[in-house]
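Examination of the molecular architecture
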Amino acid sequence: WGRLAIFSFVSGGGRGPCLNFGASVATGRILTFCHSDTTLPHGWDKRIMNTLEHEGMNDDELSTLRIARANSCAFSFGIDTSREGLS
């Protein structure tokens, strides 16, 4: 993935200021926000790269490559409600 850095945001104010802080210190080409309880599926980074690598191509070019245009990414979500997961 390249360089990985972890920064602590301690100024408070909720999620918005925290995400803004993260974006302000990011140096890579792609920025992904995840919650601390997020478990990403295998290959999540390649899925994002595949979605973004065709940026700027028109629909005809994408159709020739048999690629559907994507404008967002999403992952399935679940909550572990077992006793262990809630403790």
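Now for a quick tour of the structure. (Residues numbered from 1 in each chain as written. Predicted model: local features only at pLDDT ≥ 70, side-chain atom pairs only at ≥ 80, totals over all residues. Heavy atoms only, no water.)

The next thing to look at is the overall build of the protein chain. A count of helical and extended segments in the protein chain gives 4 helices and 0 strands. Per-residue burial over the protein chain gives 3% buried out of 87 residues. Expressed as a percentage of contacts within the protein chain between residues at least 6 apart in sequence, the contacts between residues at least 24 apart total 22%. Accessible area of the protein chain: about 7,900 Å², with a carbon and sulfur share of 52%. (Helix = DSSP H or I, 4+ residues; strand = E, 2+ residues; numbered from the N terminus. Buried < 20%, exposed > 50% of the residue type's maximum accessible area, 1.4 Å probe, protein only. Contact = heavy atoms within 4.5 Å. Areas by Shrake-Rupley, 256 points an atom, 1.4 Å probe, with all protein chains shown as cover.)

Turning to the packing of aromatic side chains, a few remarks are in order. Enumeration over the complete set of coordinates arrives at 1 aromatic pair. With centroids separated by 5.4 Å and ring planes inclined at 40°, the aromatic side chains of F9 and F21 adopt a geometry described as tilted. One end of the pair, F9, is in the segment before helix 1 (15–25); the other, F21, is in helix 1, with 12 residues separating them in the sequence. Assessed through its relative accessible area of 23%, F9 is described here as partly exposed. (Phe/Tyr/Trp six-rings, centres within 6.5 Å; stacked < 30°, edge-to-face > 60°.)

Glancing now at the environment of T38. Position of T38 among the secondary structure elements: in the loop between helix 1 and helix 2 (44–52). Remark: the alpha-carbon pair of T38 and I79, spanning 41 residues in sequence, is separated by 9.7 Å.

Our focus in this paragraph is the environment of P17. Mapping P17 onto the fold places it in helix 1. The class of P17 is partly exposed, set by a relative accessible area of 33%. The contacts of P17, once residues within four sequence positions are left out, are F9 and G12.

Here we come to a nonpolar patch on the surface. Together, L19, L31 and F33 make up a nonpolar patch on the protein surface, roughly 250 Å² of accessible area in all. If you trace the backbone, F33 turns up in the loop between helix 1 and helix 2. (Patch = residues over 30% accessible without salt bridge, like charges linked within 9 Å, V, L, I, M, F, W, Y side chains within 5 Å. Salt bridge = Lys/Arg side-chain N within 4 Å of Asp/Glu carboxyl O.)

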